[in-house]
Amino acid sequence: MSSIEPAGDAVDRQCMTRAIAAGARSRCLAPPNPWVGAVVRTPEGRTYEGSTERVGGRHAEIVALDAAGADAEGATLYVTLEPCSHHGRTPPCVDAVRSAGVRRVVVGIEDPDPQVAGSGVAALRAAGIVVDVGIQAAQVTNQLRPYLKHRRTGRPWVVLKLAASTDGRTAAPNGSSQWITSPEARADGHRLRAESDAILVGAGTVRRDDPSLTVRDHHDPMVPERGGLDPRRIVLGSAPLDAAVHPCTEVKGELADVLDQLGEEGVVQLLVEGGARVAGEFHRAGLVDRYVVYLAPALFGGSDAPGLFGGHGAFDISELWRGRFTSVERVGDDLRIELTPLDALPEDEAGVRSVDGSV
């Protein structure tokens, strides 16, 4: 399938950037559907935006077209993900695009979902609509990475959240750990919860800390709340009957099988919050797609406090796991560091965003 260069025309880049921003507003509402953004631009330069609504609601294209009304005739539609061509919970978006009289459609990336997979682009072209694919493709891919993995592999995107002192310790020798990080870092962690479909912890963490695993302290206006719904709570093992984590799903067995099960149940992003044994098992199995580490400006100053991972690590320096820093930001008094496996990002997406925004 032909495509244009990702750089594209300046107007195309600008409109797709706005569509990406619109998609971000749908991040916590759309899953298991993709969080898509769309912009309709008339030949005179008027623009109308849309983003995907909650499951069963309108897709981003329809929201933007409805906002444009008659202005959609002869306009260009920018959409981050290929419009759907099948009838699911809603009618096909390609039918609405054709009916609206849109002249041209600019698509960020194609949809790997087997029910779409290029058929939306093909249907639009068959209707005589000009379709260009590839504008801001790297940015769209990064925004939709959890969805893309889920559709391609059937498994959720796994985010491992860790918090530690600067010397890599997660609790005092007597077991006390609240709180190592700042209130701002904890609020940022709740934002991660808000954008995740499920949170997983080990039964040992449930018995020791009795966490509720709900979304409470997140106030990011760019990541809307989940409509009052907390993510599913997953316990690896058995939770005590009176644990605060209930109602939860208790799972056992191989971690790969757990991910397959959760993926089948519509979990697009899974947040793993530990403890150290579970974190170590996910890490050593190579099942983590994104590491988010909060480091506090604090030092335990010894080797008797527990570290980030439980179990046996690399025995020889040649076995050391190496990843890529993708973001380093100051959150309150702490640092928020993101890492990804070396094979997770193409080379042109390997830049690191620092605390001052430079790369």
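Check the entry above for the structure.
Quick caveat: nothing in here was measured; it's all calculated off a predicted structure.

Caption draft 1: Spatial organisation of the overall build of the protein. Scanning the protein from terminus to terminus reveals 10 helices and 13 strands. Within the protein, buried positions represent 50% of all 359 residues. Pairs at least 24 apart in sequence give 73% of the contacts found in the protein among residues at least 6 apart. Summed over its atoms, the accessible surface of the protein is roughly 16400 Å², and 51% of this surface lies on carbon and sulfur atoms.

Caption draft 2: Spatial organisation of unusual backbone geometry. Cis geometry is adopted by the peptide bond preceding Pro 32, which originates at Pro 31 and carries an omega value of 10°. Examined against the element boundaries, Pro 32 turns out to sit in the loop between helix H1 (10–24) and strand S1 (37–41). A cis geometry characterises the amide bond from His 246 onward to Pro 247, with omega recorded as 0°.

Caption draft 3: Broad picture of the sheet that holds strand S13 (residues 334–341). With respect to topology, eight strands assemble into an open sheet ordered S9-S8-S7-S10-S6-S11-S13-S12, the strand pairing being mixed. Only two strands of the sheet have a single partner each, and these edge strands are strand S9 (249–251) and strand S12 (323–331). Neighbour-to-neighbour, the strand axes of the sheet open up by a mean angle of 25°, direction not taken into account. As paired strands, strand S8 (residues 232–236) and S9 are joined by three bridges and run parallel to one another.

Caption draft 4: Fine view of the sheet that holds strand S5 (residues 130–133). Taken in spatial order, the five strands line up as S2-S1-S3-S4-S5 in an open sheet, and their pairing is mixed. Two strands close off the open sheet at either side, each with one partner strand: strand S2 (47–51) and S5. For this sheet, the mean angle separating the axes of adjacent strands, direction not counted, is 15°. Across the sheet, helix H4 (residues 119–126) is in contact with strand S4 (104–109) and S5; its angle to S5 comes to roughly 150°.

Cut-offs used in this document
- Residues numbered from 1 in each chain as written.
- Predicted model: local features only at pLDDT ≥ 70, side-chain atom pairs only at ≥ 80, totals over all residues.
- Heavy atoms only, no water.
- Helix = DSSP H or I, 4+ residues; strand = E, 2+ residues; numbered from the N terminus.
- Buried < 20%, exposed > 50% of the residue type's maximum accessible area, 1.4 Å probe, protein only.
- Contact = heavy atoms within 4.5 Å.
- Areas by Shrake-Rupley, 256 points an atom, 1.4 Å probe, with all protein chains shown as cover.
- Pairing = 2+ DSSP bridges.
- Axes fitted to C-alpha atoms, helices over the stretch in contact; angles between N-to-C directions.

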